[in-house]
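As a plain string of letters, each chain reads:
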Amino acid sequence: MATSRRSIIGLGAAAALSAPALLLSRNVHADTHASVDAAKAPVNGDVAMASGGDGGEFRRFSMGGSDIIIINDGGRNVPGPGSIFGTDLKEATVSALLDENLLPTDQMRISFHPVVIRKGADIILFDTGNAGGPDAPVGNTVENLKRAGIAPDDITKVVLTHFHPDHIGGMTAEDGTPNFPNASYYAGEEEYAFWTSDAAMAGPGQGVAQLTQQKVVPFKEKMTMLKDGDEVVSGVSAKGAFGHTPGHLIFMVEDGGRMLALTADTANHFVLSLQRPEWEVKFDMDKEKAAQTRKDVFGMLAADRIPFIGYHMPFPSLGYVKTEGEGFRFIAESYQFAMEG
Ligand SMILES: [Zn+2]
């Protein structure tokens, strides 16, 4: 986007097309909202401009009677993809795959995308984003919910796919007050049991266990524990997708004869995790199980041509997978949801 904007302006063909105007026109055509105000605001401006790849505050579409809104919590550029993905391989192997896909080899973008499903009287938020902070380029979930026309008080249910900090950080504000005061809460039974165990508190993930005490445990009285196959509401069911964490859940959403999967952190990079699902990933707690889960989940989505929202896929993180070679190719959604049925 940065490149194309530069080249358009460089050509002098569209002197009237200021950056906000371009954002606005994209807004209208793609329903990917990046308002003029937001482009001026430092935090969201950061998000919109930093990589040129994930601008926009939210993306809305409908499926049957459900209104689905993908929220942009923000993103970060991080160095060394090879130190996170393919940790069982030579870094040159990871770099070669990135290069083959026209991606930089020395750094990558990680972005964070909670999802809202509005169905009947329920407004359900899946994951809450990062904790953020005044200068952080992440933690924009509450602000971007508001921009999408949803007040935090309107959220009726908050569902946690797992307890990593980028998913539970937005449960409360910095002073500890609940961000979604009228919600009831849902989380995986195994996930809750693990992160509140003595073993987790004493193990390598003790930082996450401590954050769980701060961000999740205070909501226990209002929390329903989910097992594989349990429904949050009719047509939205949990599915165990263990490995990334011990109780990691994904969700299958069905409405109007269409299906959509929320795959959370089953795959964390649209090229590295999908094209090479077997590669070890630093953040997967049980690496073998996570790899098997990746192959099973995306194998099923590819076979049935089911679209999915991946929490860390590039914004708006909605797409399809196609079986290819050793893994899958990510195909971003274009206009499939603009079509009936
Ligand atoms: Zn994550």
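These figures come from a predicted structure and were not determined experimentally.

What counts, and where the lines are drawn
- Residues take numbers from 1 onward in each chain, read along the sequence in its written order.
- For a predicted model such as this one, the threshold for reporting local features is a pLDDT of at least 70, and the threshold for listing and counting side-chain atom pairs is 80 or more; totals across whole chains, interfaces and linings nevertheless cover every residue.
- As a rule here, side-chain values cover all heavy atoms of the structure and leave hydrogens and water aside.
- Think of it this way: any DSSP run of H or I at least four residues long counts as a helix, any run of E at least two long counts as a strand, and we number them from the N terminus.
- Two N or O atoms count as a polar contact when they lie within 3.5 Å, although within protein this holds only if one can serve as hydrogen donor and the other as acceptor, and sequence-adjacent residues are included solely when both atoms are side-chain atoms.
- Salt bridges, as used here, are contacts in which a Lys or Arg side-chain nitrogen is within 4 Å of a carboxyl oxygen on Asp or Glu.
- Whether a residue is buried, partly exposed or exposed follows from its accessible area with a 1.4 Å probe, protein chains only, as a fraction of its type maximum: under 20%, in between, or over 50%, in that order.
- For Na, K and Ca the donor cut-off is 3.2 Å; for every other metal, N, O and S atoms count as donors within 2.8 Å. Water does not enter the count, which can leave sites looking incomplete.
- Think of it this way: with four donors and all angles in the 85 to 135 degree range, the site is tetrahedral; with four or six donors, opposite ones beyond 155 degrees and the rest between 65 and 115, it is square planar or octahedral; otherwise it is irregular.
- Between any two strands, pairing holds if DSSP finds at least two bridges.
- Interaxial angle, 0 to 180 degrees, is taken between N-to-C directions of lines fitted to C-alpha atoms, where a helix line uses only the stretch in contact.

**Here we look at the environment of Thr 177**
Mapping Thr 177 onto the fold places it in the loop between helix H7 (165-168) and strand E9 (184-188). Taking the C-alpha atoms as reference points, Thr 177 and Lys 215, 38 residues apart in sequence, are found 9.9 Å from one another. A distance of 2.8 Å separates the side chain of Thr 177 from the side chain of Asp 175, its partner in a polar contact.

**Considerations on the pattern of salt bridges**
Considering all chains together, one arrives at 11 salt bridges under this definition. A salt bridge links Asp 122 to Lys 157; its shortest N-O distance comes to 3.1 Å. Linking Asp 122 in strand E7 (residues 122-126) with Lys 157 in strand E8 (residues 157-159), this pair joins segments that are 35 residues apart in sequence. Across the pair, exposure class does not vary: Asp 122 and Lys 157 are buried alike. For Glu 143, the salt bridge is made with Lys 146, and the minimal N-O distance between the two is 3.4 Å. In this pair, Glu 143 and Lys 146 both sit in helix H6 (residues 141-147), three residues apart, roughly one turn of the helix. By relative accessible area, Glu 143 is classed as partly exposed at 38%. Taken together, the salt bridges that share partners define one network made up of Arg 60, Asp 67 and Arg 118.

**Concerning the coordination of the zinc ion**
Tetrahedral coordination by four donors sets the ideal angle at the metal to 109.5 degrees; octahedral coordination by six donors sets it to 90 or 180 degrees. For the zinc ion, the full set of protein donor atoms is Asp 166 (OD), His 167 (NE2), Asp 265 (OD) and His 312 (NE2), at a range of 2.1 to 2.2 Å. Taken together, the four donor atoms coordinating the zinc ion span angles of 89 to 169 degrees at the metal, a pattern that classifies the geometry as irregular. Counting gaps between the donor residues of the zinc ion yields the pattern D-H-x97-D-x46-H. Neither Asp 166 nor His 167 differs from the other in exposure class; each is buried.

**Section: the sheet that holds strand E14 (residues 258-264)**
The mixed open sheet is built from seven strands, whose spatial order is E11-E12-E13-E14-E15-E16-E17. The outermost strands of the open sheet, each flanked by one partner alone, are strand E11 (231-233) and strand E17 (327-332). The average angle at which neighbouring strand axes cross in this sheet is 35 degrees, direction not considered. Judged from the two bridges that link them, E11 and strand E12 (residues 236-240) form a sheet pairing that is antiparallel. Each bridged residue has a counterpart across the sheet, and for Glu 231 the counterpart in E12 is Ser 237.

Just distances and angles here, no functional claims.
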